[in-house]
Amino acid sequence: MFTGLVEELGKVKHIVRGSKSVRLSVFGSKVLADVKLGDSIAVNGTCLTVVEFSRDWFTADVMPETVDRTVLAGLKAGDTVNLERTLRVGDRLGGHMVSGHIDGVGTILIKEQNDNAILVRIGAGPEVMRYIISKGSIAIDGTSLTVIDVGADWFTVSLIPHTAAMTTVGLKAPGEPVNLEADIIGKYVEKMLGLQQNTKPNEKITLGFLEQHGFTL
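What you see is a predicted model, and the numbers here were worked out from it, not measured in a lab.

A. Summary view of the overall build of the chain. Looking only at helices and strands, one finds six helices and twelve strands in the chain. By the compact-globule yardstick of 17 Å for 217 residues, the chain fits well, its C-alpha radius of gyration being 18 Å. With respect to the three principal axes, the spread of C-alpha positions in the chain is 60 × 45 × 40 Å. Within the chain, contacts between residues separated by at least 24 positions form 66% of all contacts whose residues are at least 6 apart in sequence. Within the chain, one finds 22 positive and 25 negative side-chain charges whose respective centroids are separated by 2 Å.

Pasting the structure below:
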C-alpha cells in the first residue's frame, strides 16, 4: 500500500519492450535508500517489484496486464516519473490509501492558473468515473489529490505550488495521459451493496457472510 505522497521525481534510465511486456529501469535516490530485492515501488502510481538495483537506479518487470492498463508502456528514456516507497506500519497517512493498482488511463484536458493553484481537468472513462465524488480522493500518476468538480466524463483537481513542482501532474501538458486509481473504499462499498441486494430478505451481513465472500482472511 502507498499514501499517494510522491517522494521524488525519477528519470527513466531505459526501457526494454517485449512482445507484450516491458522491463523498466529508473534512476532514483530517496526510494533506493533502503531498497531490497522484491520491494515494491510505485512508478507513476503503478506498484512494481524491484528485480534489480544499484546505487542510483532500479529495474522492474511490467507484465502484459499492467502494460494494457497503464501509461508505462509509453514511457521512453529521459521521461520523468513519480516515485514512492510502500507505506510502513506506524507512518503518517498524509494522503489516502493507494493500492498501486491502476483502474484506467485518463487524459489531461485543461490546466489553468487560479491564484496560487493550478486547476486541472481530467477526462476519464466510466471504469473510473463511477467512483469519483466531489471532495473524494483520487490518485493521479500516484499523486493523492482531492476532487473538486465532477462531470459525466471528467473531474477537476487543484495543485498547490509544491505539488505542481514535485509531481508529473504539474509537469504534464493538456493532451498527455495519466494513470488513475480511484479510492479503494468506493470499490468495496459498491461490492458490498451489490452483495446485499442479492441476499434474501431475511439474510443479514454477518462475519460469516463476509468470510464466505472473501472479505476477510
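B. Structural view of the sheet that holds strand β4 (residues 46–53). In spatial order, the strands read β1-β2-β5-β4-β3-β6; together these six strands close into a barrel with antiparallel pairing. Neighbour-to-neighbour, the strand axes of this sheet turn through a mean angle of 45°, independent of strand direction. As defined by bridge partners, strand β3 (residues 40–43) adjoins strand β6 (residues 80–85) across three bridges and the pair is classed as antiparallel. Across the sheet, residue Ala-42 finds its bridge partner in β6, namely Glu-84.

C. A look at the nonpolar core. Leu-24, Val-43, Phe-58 and Leu-83 are the most contacted members of the largest nonpolar core, which totals 20 residues. Residues within four places of Val-43 in sequence aside, it is in contact with Leu-24, Leu-48, Phe-58, Leu-72, Val-81, Asn-82 and Leu-83.

Analysis parameters
Residues numbered from 1 in each chain as written. Predicted model: local features only at pLDDT ≥ 70, side-chain atom pairs only at ≥ 80, totals over all residues. Heavy atoms only, no water. Helix = DSSP H or I, 4+ residues; strand = E, 2+ residues; numbered from the N terminus. Rg over C-alpha atoms; globule rule 2.2 N^0.38 Å. Contact = heavy atoms within 4.5 Å. Lys, Arg positive; Asp, Glu negative; His and termini not counted. Charge placed at Lys NZ, Arg CZ, Asp CG, Glu CD. Pairing = 2+ DSSP bridges. Axes fitted to C-alpha atoms, helices over the stretch in contact; angles between N-to-C directions. Core = buried A, V, L, I, M, F, W, Y, C linked by side-chain atoms within 4.5 Å. Buried < 20%, exposed > 50% of the residue type's maximum accessible area, 1.4 Å probe, protein only.

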